[in-house]
Amino acid sequence: GSIIPFNLGGRTVSTIGAGQITITSGYVLDDGAISVGNNLFVIQGGDSAVTTVNSSVTLSILPNSILHYQSNSGAVISDATHNLQGGTLRLVSNNGTNAVTLGGGLDVQNDSALNIGNTFTGGSATGPVNLNAGLSGSANLSVTHTSGNATTLLIGGDNSAYSATI
């Protein structure tokens, strides 16, 4: 698949409301911030194209909101900083070969959730999820696995700056 630049131009995009937003199939997000305040914000690979979120992006997940990363026929790689502010970060690998990989940082600022779950259409996940982001913060992080299959969560990175309970 092709690579499609998605440059935020140093701006912050804020979402709100009950709608769903999907970025899919080969985009490269760069240079800005997204404040996820709607109920479902999906970033996924597909059409045999990797979707990438570069380290120059910050994603904040607000209460009652879900940031959903999903690999399909294309992987998802995110080196963004993720600020969990009471929302849910969901990681789904819908392909045994194309993983979801998070690097960057994962700062738990308010009690939040990390979910290894099903696809946003309800199908069971099948592949590995790699969480290499350095975990930081002092709020609790609830980790749940709701996929119908035994998806593997691999956790790495420097997590010494995290002082709460998982």
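Right, let's walk through the structure included here. (Residues numbered from 1 in each chain as written. Predicted model: local features only at pLDDT ≥ 70, side-chain atom pairs only at ≥ 80, totals over all residues. Heavy atoms only, no water.)

1. Topic: the overall build of the protein chain
The condition is simple: Runs of E in the DSSP output that reach at least two residues are strands. Runs of H or I that reach at least four are helices, and both are numbered from the N terminus. Radius of gyration means the value over C-alpha atoms here, while the globule rule gives 2.2 Å times the residue count to the 0.38 power. Accessible area is worked out with a 1.4 Å probe on protein chains only. A residue is then buried under 20% of its type maximum, exposed over 50%, and partly exposed in between. Contacts are assigned to residue pairs with any non-hydrogen atoms lying within 4.5 Å of each other. To measure how exposed things are, a 1.4 Å probe is used in the Shrake-Rupley method; for residues, cover is taken only from the protein chains shown.
In terms of regular secondary structure, the protein chain is built from zero helices and 20 strands. The C-alpha atoms of the protein chain give a radius of gyration of 14 Å, which matches the 15 Å a tight globule of 166 residues would have. The principal-axis extents of the C-alpha atoms in the protein chain amount to approximately 40 × 40 × 30 Å. A burial count over the protein chain gives 48% of its 166 residues as buried. In the protein chain, the proportion of contacts linking residues at least 24 apart, taken out of those at least 6 apart, comes to 66%. Of the roughly 7000 Å² that the protein chain leaves accessible, carbon and sulfur atoms contribute 49%.

2. Examining the sheet that holds strand S18 (residues 141-145)
In a beta sheet, neighbouring strands pair by backbone hydrogen bonds and run either parallel or antiparallel. Going by this rule: Strands were regarded as paired on the criterion that DSSP finds at least two bridges between them. Note on definitions: angles span 0 to 180 degrees between N-to-C directions of axes, and those axes are lines fitted to C-alpha atoms, for helices only across the stretch in contact.
Within the open sheet, the six strands sit side by side as S3-S6-S9-S12-S15-S18. Their pairing is parallel. The two strands at the open ends of the sheet, each matched to only one other strand, are strand S3 (17-24) and S18. Along the sheet, successive strands turn relative to each other by an average axial angle of 15°, direction set aside. In this sheet, strand S6 (residues 38-44) lies alongside S3 in parallel orientation, the contact comprising six bridges. Pairing of Ile 21 across the sheet is with Phe 41, part of S6.

3. Regarding the sheet that holds strand S19 (residues 153-155)
Taken in spatial order, the seven strands line up as S1-S4-S7-S10-S13-S16-S19 in an open sheet, and their pairing is parallel. Strand pairing shows two members of the sheet lacking a second neighbour, strand S1 (4-7) and S19, which therefore form its edges. Across the sheet, the mean angle separating the axes of adjacent strands is 10° when strand polarity is ignored.

4. Notes on the packing of aromatic side chains
For clarity, the threshold we go by: Two aromatic rings, drawn from Phe, Tyr or Trp (for Trp, its six-membered ring), form a pair once their centres lie within 6.5 Å of each other, and the interplanar angle then sorts them: stacked below 30 degrees, edge-to-face above 60, tilted otherwise.
Per the stated rule, a full pass over the model turns up one aromatic pair. Here the aromatic rings of Phe 6 and Tyr 27 are separated by 5.9 Å at their centres, their planes lie at 70°, and the arrangement is edge-to-face. With Phe 6 in strand S1 and Tyr 27 in strand S4 (residues 27-30), this residue pair connects regions lying 21 residues apart in the sequence. The exposure class assigned to Phe 6 is partly exposed, which follows from its relative accessible area of 30%.

5. Focus on the environment of Asp 158
Our working rule: Throughout this description, a polar contact denotes any pair of N or O atoms lying within 3.5 Å of each other; where both atoms belong to protein, one of them has to be capable of donating a hydrogen while the other can accept it, and for residues adjacent in sequence the pair is counted only when both atoms sit in side chains.
Positionally, Asp 158 belongs in the loop between S19 and strand S20 (161-162). Along the chain, Asp 158 and Asn 132 lie 26 residues apart, while their C-alpha atoms are 8.2 Å from each other. Setting aside anything within four residues of it in sequence, one finds Asp 158 in contact with Gly 134 and Leu 135. Reaching out from Asp 158, the side chain makes a polar contact with the side chain of Ser 160 at a distance of 2.7 Å.

6. Topic: the nonpolar core
As a reminder of what qualifies: As used in this record, nonpolar core signifies buried Ala, Val, Leu, Ile, Met, Phe, Trp, Tyr and Cys residues forming a set joined through side-chain atoms within 4.5 Å.
Counting 31 residues, the largest nonpolar core has Val 53, Leu 59, Leu 67, Tyr 69, Leu 89 and Leu 91 as its most contacted members. The dominant element in this core, judged by the number of residues it contributes, is strand S8 (residues 57-61), at three residues.

7. Some words on the environment of Ile 155
Within the secondary structure layout, Ile 155 lies in strand S19. For the pair Ile 155 and Leu 135, spaced 20 residues apart in the sequence, the C-alpha separation amounts to 9.8 Å.

8. Notes on the side chain of Asn 98
Locating Asn 98 in the fold gives a position in the loop between strand S12 (88-93) and strand S13 (100-102). In terms of polar contacts, Asn 98 uses its side chain to reach the backbone carbonyl oxygen of Ser 73, at 3.0 Å. Non-local contacts of Asn 98, meaning those with residues more than four positions away in its chain, are made with Ser 71, Asn 72, Ser 73, Gly 74, Ala 75 and Ser 93.

Take it as geometry only, folks, not as evidence of what the structure does.
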